[in-house]
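This is what each chain is made of:
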Protein chains: 2
Amino acid sequence: MSLLSPPERVDIVEVAPRDGFQSIRDPLPTDEKIRCIQRLIDAGITRMEIGSFVSPRAIPQMADTDQLVAAFADRAAMRFSALVPNLRGAELALAKGVRELVFVVSVSESHNQGNVRRSVAESLEDLARIVALLKQEGNACLRLDLGTSFDCPYEGTIAWHQVDDVLTRARDLCGDLHLEVALCDTTGRATPYQVANHFSRLVERHAGPRLKWAFHGHDTYGMGVANALFAIHHGATTLDAACAGLGGCPFAPGATGNTATEDLVYALNGGDVDTGIDLARLLEAADAIAALPGGQTASHLRQVPRGRVTSPP
Amino acid sequence: MSLLSPPERVDIVEVAPRDGFQSIRDPLPTDEKIRCIQRLIDAGITRMEIGSFVSPRAIPQMADTDQLVAAFADRAAMRFSALVPNLRGAELALAKGVRELVFVVSVSESHNQGNVRRSVAESLEDLARIVALLKQEGNACLRLDLGTSFDCPYEGTIAWHQVDDVLTRARDLCGDLHLEVALCDTTGRATPYQVANHFSRLVERHAGPRLKWAFHGHDTYGMGVANALFAIHHGATTLDAACAGLGGCPFAPGATGNTATEDLVYALNGGDVDTGIDLARLLEAADAIAALPGGQTASHLRQVPRGRVTSPP
């Protein structure tokens, strides 16, 4: 029989409202964001990175994250998260009612310095303070995004033991906190066999009931779906994805957004994997997102005739 | 350790000269084709579907296949094949010195009717005659392309046992002939789990020393690399691919060519899989192919900066 039996369920975290909206140079109006988020919810999305609590001077596109959190505060079935690069962001997010914090630290020093303007050690000091905050709060939880887990734009290839080093230090700070760890292919250059190797090594060393695994990937090199499935077959249970593949960078030709949610859902539907997402309605959301002014999208499913998007079983 | 260890070697069959050049409405000049083929050889391609022996009225783009075969007749290290839809094509191909025939028959009746204007049974009658020819020749061999092995544009999903039925009938005609069987995802709609299921079922039923397995896929739905790798991990040893992703159909918006050779090589390089292909030179060939007038291409690797195409190990 088949070596790769599909899993029963995969959790999809929709990141277009964070990673995608952030990539659009002129900040979108808040009500436009709200309409897109509602469409994503209508399509069956239940986990979403809704924005980030960062300096509005650094990233003005995320300045209204608190308003988005407030607008959807009554959706008990939804699991919203927000990215926080430091203690200040975590405090703000918790004060505004976010129950799931995404703390980001890059495995490579130079990328962490470029991304959050501090060393990995300094990021981890903030993580310790955030963990203390979360333990006080009691009902909040933590996603740890390990940036440049496979490749760094400045340092090149990242070996699994470099990821292991940062993860080990981070876990020592987390104690008995439940944790979802995302290996992030920040540049899109990871290959399926590298993804398999990193996950199998790290899951072997860090297996435990309080730890779950996620993969955050891009389709820039055409590896998006393959990398995601290789992650799933080596321990990941959650995939990040951006509806319509919204993302990229206006200053980096060829850079694309996260792997399109609809492409991943199509692949998973073919294995009868439960994602809770209705592909037809997701494509309606993708059309709305693709129509946003200034957005760059990269989706395969949006290019094919709508009558042909049901996966063969 | 990792569930999916990379294989030592994968054979790539470059099909741009057939599937790709055929998709360009105005036939390319023969010398232009020769230049592209030479670039592909320079990049390390050793297997190539160089054209097809079909009616020049039906497919004028392939009318010069005999000239291409003659132009490269002295390349002893190259394994050229040509597609033949019927006995007449096989006779012509063998007369012109082709040593590897690609006989195509679709699993679905309606697609076979549309593609080669005959029933599956009629195609198989020709296959019997071609097998007799090949046995006379002695030193020629056969690739069997099973079109619509996963999905048919007219009949929808194709179950593995439908493929099994046609393959069983074909094998009964082949006797002890060595055979490479390609499951062809003609529409690009196959998903990785469907590919895994079909290959695992069929390999289990048809395993034998005289049978090798190939996968012929498209990236239309973004499944190109994932489908290819799932095929490799379920018995395939050969992948068809088109440099620059040349292909598609001028009359079908959204249709794309075969998965780009460079995207597959990038994925395989990440597992240190030997393909014999030099990715940098392949990208030079891809640029030349993408510059052909009237060609539609779909390649991820061609979109990224050239200094960044070495796979992280």
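Residues numbered from 1 in each chain as written. Chains lettered and ligands numbered in written order. Predicted model: local features only at pLDDT ≥ 70, side-chain atom pairs only at ≥ 80, totals over all residues. Heavy atoms only, no water.

In the nomenclature of an unreviewed UniProt entry, chain A corresponds to Hydroxymethylglutaryl-CoA lyase from the organism Halomonas aestuarii. UniProt lists a comment for chain A under the heading Sequence similarities (unreviewed entry), and it reads "Belongs to the HMG-CoA lyase family." (UniProt positions renumbered as here; feature names shortened; annotations may be inferred.)

Which residues make up the relation of the copies chain B and chain A, and what values do they have?
Note on the identical chains: chain B maps onto chain A by a rotation of 180° and an axial translation of 0.0 Å, with an RMSD of 0.0 Å. Taken together, these values place the two copies in the relation of a two-fold axis. Nearest to the rotation axis, the C-alpha of Ala226(B) is located 2.1 Å from it, this being the minimum over chain B. Looking at the interface residues of chain B, 100% of them are also at the interface in chain A, so both copies use one shared face. (Least-squares fit on C-alpha atoms with pLDDT ≥ 70 in both. Contact = heavy atoms within 4.5 Å.)

Go over the interface of chain B and chain A, please, and point to the residues and values.
In this assembly, 52 residues from chain B lie in contact with 52 residues from chain A. In total, chain B and chain A occlude about 4200 Å² of area from one another, counting both sides; carbon and sulfur atoms represent 63% of this. For the chain B face of the interface with chain A, the top three residues by lost area are Tyr193(B), Tyr221(B) and Arg308(B), together amounting to 18%. Linking Asp151(B) and Arg308(A) is a salt bridge whose minimum nitrogen-to-oxygen distance equals 3.1 Å. Taken together, the elements giving at least two residues each to the side of chain B that touches chain A come down to strand E6 (151-152), helix H8 (192-206), helix H9 (224-232) and helix H10 (261-269) of chain B. In terms of residues, the side of chain B that touches chain A owes the most to one element, H8(B), which gives seven residues. Taken together, the residues of the side of chain B that touches chain A break down into 27 nonpolar, 18 polar and seven charged. (Buried area = accessible area lost by both parts, 1.4 Å probe. Salt bridge = Lys/Arg side-chain N within 4 Å of Asp/Glu carboxyl O. Helix = DSSP H or I, 4+ residues; strand = E, 2+ residues; numbered from the N terminus. Nonpolar A, V, L, I, M, F, W, Y, C, P; charged D, E, K, R; others polar.)

Can you lay out the environment of Val265(B) for me, pointing to particular residues and giving the numbers?
Mapped onto the fold, Val265(B) is located in helix H10. Apart from residues lying up to four places away in sequence, Val265(B) is in contact with Thr275(B), Ile277(B), Leu279(B) and Leu282(B).

Any details on the pairing of strand E4 (residues 100-106) of chain A? Residues and values, ideally.
Two faces make up the sheet, and in a regular strand the side chains alternate between them. Residue and element names in this part refer to chain A. Counting buried positions along E4 gives seven out of seven residues, so the element sits mostly inside the fold. The alternating pattern of E4 places Glu 100, Val 102, Val 104 and Ser 106 on one face and Leu 101, Phe 103 and Val 105 on the opposite face, and all of these are buried. Strand direction decides the pairing type here: strand E3 (residues 79-84) and E4, joined by three bridges, are parallel. Each residue of the ladder has a partner; that of Ala 82, found in E4, is Leu 101. (Buried < 20%, exposed > 50% of the residue type's maximum accessible area, 1.4 Å probe, protein only. Pairing = 2+ DSSP bridges.)

Summarise the pattern of salt bridges; cite the residues concerned and give the values.
Tallied over the entire structure, the rule returns 50 salt bridges over all chains. Residue Asp19(B) is joined to Arg18(B) by a salt bridge in which the shortest nitrogen-to-oxygen separation is 3.4 Å. A cluster of three or more residues bridged by salt bridges with shared partners is formed by Arg9(A), Asp11(A), Arg47(A), Arg79(A), Glu100(A), Arg143(A), Asp145(A), Glu180(A), Asp240(A) and Asp274(A).

Summarise H8(B); cite the residues concerned and give the values.
All names here are of chain B. Across its 15 residues, H8 extends 21 Å between first and last C-alpha, which sits within 8% of the 21 Å expected from 1.5 Å per residue. Burial analysis of H8 places eleven of its 15 residues in the buried class, which makes it a mostly covered element. For H8, the set of buried residues is Pro 192, Tyr 193, Gln 194, Val 195, Ala 196, His 198, Phe 199, Ser 200, Leu 202, Val 203 and His 206. (Expected span 1.5 Å × (residues − 1).)

How would you summarise the packing of aromatic side chains if you had to cite specific residues and measurements?
Applying the stated criterion across every chain, the model contains 13 aromatic pairs over all chains. Seen from their ring centres, Phe150(A) and Phe215(A) are 6.0 Å apart, and the 70° between their planes marks the pair as edge-to-face. Of this pair, Phe150(A) sits in the loop between strand E5 (141-147) and strand E6 (151-152) while Phe215(A) sits in strand E9 (residues 211-216), and the two are 65 residues apart along the sequence. Overall, the relative accessible area of 0% leaves Phe150(A) in the buried class. Taking the centre distance of 5.9 Å and the plane angle of 45° together, the rings of Phe72(B) and Phe80(B) count as tilted. Taken together, the ring pairs connect Phe150(A), Phe199(A), Trp213(A) and Phe215(A) into an aromatic cluster. (Phe/Tyr/Trp six-rings, centres within 6.5 Å; stacked < 30°, edge-to-face > 60°.)

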